[in-house]
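# Survey of secondary and tertiary structure
Below, each chain spelled out in residue letters.
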Amino acid sequence: MKFLFIAFLASILVITHAQDNQTEFLDVHNTARAQVGVPPLKWNHTLALYAQNLANKVKQTCNSTMSSRGPYGENTASGYGAFTTVDAVNQ
């Protein structure tokens, strides 16, 4: 479940941030995970598609508090200005 939560977080952040670089998000997450002794993440295309569909609904309704009520965890992290990949992971 932890993998799915982190992968969902990564995919949402990729979708909503101009720096949509999958490798960058995984590298930053996996560095943090290695520091606490947990295995690295791998990109999950099914999860990314699920996150994209949710992001599209949020965009369409302008409801940033919308929950998917789906099988994956969610993190609605947001930032302003120069909000980097590292900033997102550290939130």
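Just above, that's the structure.
Residues numbered from 1 in each chain as written. Predicted model: local features only at pLDDT ≥ 70, side-chain atom pairs only at ≥ 80, totals over all residues. Heavy atoms only, no water.

### Let's talk about helix H2 (residues 22-35)
Residues lying three or four places apart along an α-helix face the same way, a consequence of the helix completing one turn every 3.6 residues. Here H2 spans 20 Å end to end across 14 residues, near enough to the 20 Å set by a 1.5 Å rise per residue. Within H2, the full set of buried residues consists of Phe25, Leu26, Val28, His29, Asn30 and Arg33. The first or second residue beyond H2 is Gly37, which carries a positive phi of 75°. (Helix = DSSP H or I, 4+ residues; strand = E, 2+ residues; numbered from the N terminus. Expected span 1.5 Å × (residues − 1). Buried < 20%, exposed > 50% of the residue type's maximum accessible area, 1.4 Å probe, protein only.)

### Some thoughts on the environment of Asn90
Mapping Asn90 onto the fold places it in helix H4 (residues 85-90). In this structure Asn90 comes out as exposed when scored by relative accessible area, which is 60%. Distance from Asn90 to Ala32, taken between C-alpha atoms, is 8.8 Å for residues 58 residues apart in sequence.

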